[in-house]
Amino acid sequence: SAFVLRISGAVLSFSLSVVLGRMLGASGVGLYFLALSVATIATVLGRVGLDNTLLRFTAASASSGDWVAVKGLYVKSIRFTLIASSLLAIPVAIFAPWIGNTLFGEPNLSGPLRVMAMGIVPTALFTIVAQMLQGLKRTRDGIAVLSVWAPAFCLAGAIALVPTWGGQGAAMAYATAAALTVVIAWWRWNKATPQTAGIHGFFPTEKLLQSSVPLFWVSMSQLVVTLSATVFLGIWSTSADVGVYGAASRVVVLLNFIVLAVTSIASPKFSALHQQGNTRALGALAKSSTNLLVLAASPALAILFLAPDKVMAIFGHEFAAGATVIVILAGGQLVNIISGPAGAVLMMCGHERLVRNTVLLSASICMAVSLSL
C-alpha cells in the first residue's frame, strides 16, 4: 500500500510539473521553480531537523507503549516547528522583491514568492506530522499526507487558476494545497492516537535536540545538493534554463519516490529492531530493502537512459535541451539506489553524526563543483 501511494504521489508531482510546463512555458515554470526553491529552503529550516528524529523516537516510544512520550513529542515538535517556520515565512514575504530583483534578477518572481510564503508554515507542519504517523506504523496515512494530498490539491488548483492568473495562480495553488494538507494531517493524527487523549505528554527537550540538531545539518546539506543547481542557474542564467533543468530534475525525482517508499516502510522497523537489539534481523531487512529498490527502479532507469529526449518532449518543445541533463542525473540516482537505505539505517540506530558528516562532505563537494561548472 505504501509503495502504491508513493508511486501515486510521484505521478501526481510529475503531472503537476508537466501541466505547469505546458501552461507557463520554460521561462514561466522556471520562475515557479525558483520560488519553490526559496520556499523549500525556508520549510526545511523551519522543521529544525525534527523529521527523522520524530520518526525514530515515535517508533521506539509507540513500540514500548509509552504514549506519554508520544504525546510529548507531538506537542513539542508542533510548537518548535510553528515558531521556527513562522520566523522564516515572514521575512520571505517581506523581502520577496529583493530576492526577485537583486538576488535572481527576476522582477516577476516577487509576486509568486510572496504568495508561496503562505505555504511555508503548513508545509513544515504536515511534514513532521507525516513522519510521526509513519513512526506509529500508520504508513499509509503518513505517506498520503507527505506525498499524495499536497500534489493532488496543487494539481487541481493549478488547472483551475493558472489559465487566469499565470505564475501567480500556480503559487496560489501551492499555498492552498499546503493549508488543506495540514488539516488532513491533523485529522489523521487524532484518529491514530486515541491513547494520547486526556494525558499530559512529556519528552525531554535535551534528548530531542541531541538527535535533531545533527539531523538539521543533514537536512540542510541535502538541500544544498538538491537545490544548488536551481539557485545558481537562477543567479547566473535565465529563468528558461531554470525551467528546463527543473523539468529534467523532476523526472529523475520520480526515482526518489521509489527510494522513499521503501525507506519509509523500513525505517520504523529499523528503529524498533535496534531498540530490541536484534541486529541480525536488522541486517536482513537492510539487504532485502536494497534488493527491492534495485528491482523497482530498474525499468524507470532503463527508460531514462535509452529515451531521454522522448521523456523531455512531454513538457513541450522548449524542454528538449534537458535530455542530457536527465541522463547525468539518472546516473547519480543509480548510485543512490544500489547503495540501499544506508542513511536510514544509521539515523534509526542513533548514528546521526555519521550521517551529518557524510552529507556535509557531499554538500561541500556539490557547492564547489556547482561554482566551477
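Because the structure is a prediction, the values reported are computed rather than measured. (Residues numbered from 1 in each chain as written. Predicted model: local features only at pLDDT ≥ 70, side-chain atom pairs only at ≥ 80, totals over all residues. Heavy atoms only, no water.)

(A) Representation of a nonpolar patch on the surface. Taken together, the side chains of I90, I94, F95, W98, L103, I235, W236, M367 and L371 make up a nonpolar region of the molecular surface, amounting to roughly 920 Å² of accessible area. Those elements that provide at least two residues to the nonpolar patch are α3 (67-94), α4 (96-103), α9 (205-236) and α15 (352-372). With respect to the helices and strands, I235 occurs in helix α9. Of the residues examined, I235 reaches a relative accessible area of 31% and is grouped as partly exposed. (Patch = residues over 30% accessible without salt bridge, like charges linked within 9 Å, V, L, I, M, F, W, Y side chains within 5 Å. Areas by Shrake-Rupley, 256 points an atom, 1.4 Å probe, with all protein chains shown as cover. Salt bridge = Lys/Arg side-chain N within 4 Å of Asp/Glu carboxyl O. Helix = DSSP H or I, 4+ residues; strand = E, 2+ residues; numbered from the N terminus. Buried < 20%, exposed > 50% of the residue type's maximum accessible area, 1.4 Å probe, protein only.)

(B) Quick peek at the packing of helix α10 (residues 239-276) against helix α13 (residues 323-338). Where α10 contacts α13, the two axes come as close as 9 Å, and the packing angle between them is 20 degrees. As judged from the angle between their axes, α10 and α13 are roughly parallel. Here α10 and α13 pass one another in a crossing that is right-handed. On the side of α10, the interface is formed by Y245, A248, S249, V251, V252, L255, N256 and V259, while α13 contributes V325, I326, L329, A330, Q333, N336 and I337. Its residues placed into classes, the contact of α10 with α13 shows eleven nonpolar, four polar and no charged. (Axes fitted to C-alpha atoms, helices over the stretch in contact; angles between N-to-C directions. Parallel < 35°, antiparallel > 145°, perpendicular 65-115°, else oblique. Left-handed = near helix turned anticlockwise from the far one by under 90°. Contact = heavy atoms within 4.5 Å. Nonpolar A, V, L, I, M, F, W, Y, C, P; charged D, E, K, R; others polar.)

(C) View of the packing of helix α2 (residues 50-63) against helix α6 (residues 120-135). At a minimum axis distance of 7 Å, the contact between α2 and α6 shows a crossing angle of 30 degrees. What the angle tells us is that α2 and α6 run roughly parallel. The chirality of how α2 crosses α6 is right-handed. Across from D51, N52, L54, L55, T58 and A59 in α2, the residues of α6 making contact are T127, I128, Q131, M132, Q134 and G135. Along the lines of polarity and charge, the residues of the contact of α2 with α6 split into five nonpolar, six polar and one charged.

(D) Seen up close, the environment of A177. Relative to the helices and strands, A177 resides in helix α8 (residues 167-192). Each C-alpha atom, one on A177 and one on C154, is 5.2 Å from the other, the two residues being 23 residues apart in sequence. Once residues lying within four places of it in the same chain are set aside, the contact partners of A177 are A150, F153 and C154.

(E) Structural detail: the side chain of K76. Its place among the elements puts K76 in helix α3. Within the buried set, K76 has no salt-bridge partner at all; the shortest N-O distance to an opposite charge, 11 Å, is to E206. Discounting chain neighbours no more than four positions away, the residues touching K76 are F203, P204, T205 and L208. (Lys, Arg positive; Asp, Glu negative; His and termini not counted.)

(F) Summary view of the environment of S239. Summarising the element assignment, S239 is placed in helix α10. Relative accessible area serves as the criterion here: at 5%, S239 is assigned to the buried category. Along the chain, S239 and A26 lie 213 residues apart, while their C-alpha atoms are 7.4 Å from each other. Those residues in contact with S239 that sit more than four places away from it in its chain are A26, S27, G30, L31 and E106. A polar contact is formed between the side chain of S239 and the side chain of S27, at a distance of 2.7 Å. (Polar contact = N/O pair within 3.5 Å; in protein donor to acceptor, adjacent residues only side chain to side chain.)

(G) Examining the packing of aromatic side chains more closely. Taken as a whole and assessed by the stated rule, the structure comprises eight aromatic pairs. Between F216 and W217 the ring centres are 5.2 Å apart and the planes differ by 75 degrees, which places this aromatic pair in the edge-to-face class. Accessibility expressed as a relative area gives 17% for F216, which makes it buried. By relative accessible area, W217 is classed as partly exposed at 44%. Each member of the aromatic cluster is reached from another via a ring pair, and the members are F14, F315 and F319. Just above the ring of W187 sits the side chain of R188; from NZ or CZ to the centre is 4.6 Å. Above the ring of F33, the side-chain terminus of R250 is found at 3.8 Å from the ring centroid. (Phe/Tyr/Trp six-rings, centres within 6.5 Å; stacked < 30°, edge-to-face > 60°. Lys NZ or Arg CZ within 6 Å of the ring centre and 35° of its normal.)

(H) Broad picture of the nonpolar core. In this structure, L20 and Y32 are the most contacted members of the largest nonpolar core, which totals 59 residues. Looking at this core element by element, the count peaks at 16 residues for helix α1 (residues 2-46). Apart from the residues lying within four places of it in its own chain, the contact partners of L20 are G25, V29, Y32, A158, V162 and A170. In terms of nonpolar packing, the next biggest core, distinct from the first, is built from 24 residues, V70, A130, M132 and A178 among them. (Core = buried A, V, L, I, M, F, W, Y, C linked by side-chain atoms within 4.5 Å.)

(I) Summary view of unusual backbone geometry. Positive phi values are uncommon outside glycine, yet V48 reaches one of about 40 degrees. Position of V48 among the secondary structure elements: in the loop between α1 and α2. By relative accessible area, which is 27% here, V48 ends up partly exposed. Phi is positive for K137, which is not a glycine, with a value near 65 degrees. Tracing the chain through its elements places K137 in the loop between α6 and α7 (139-165).

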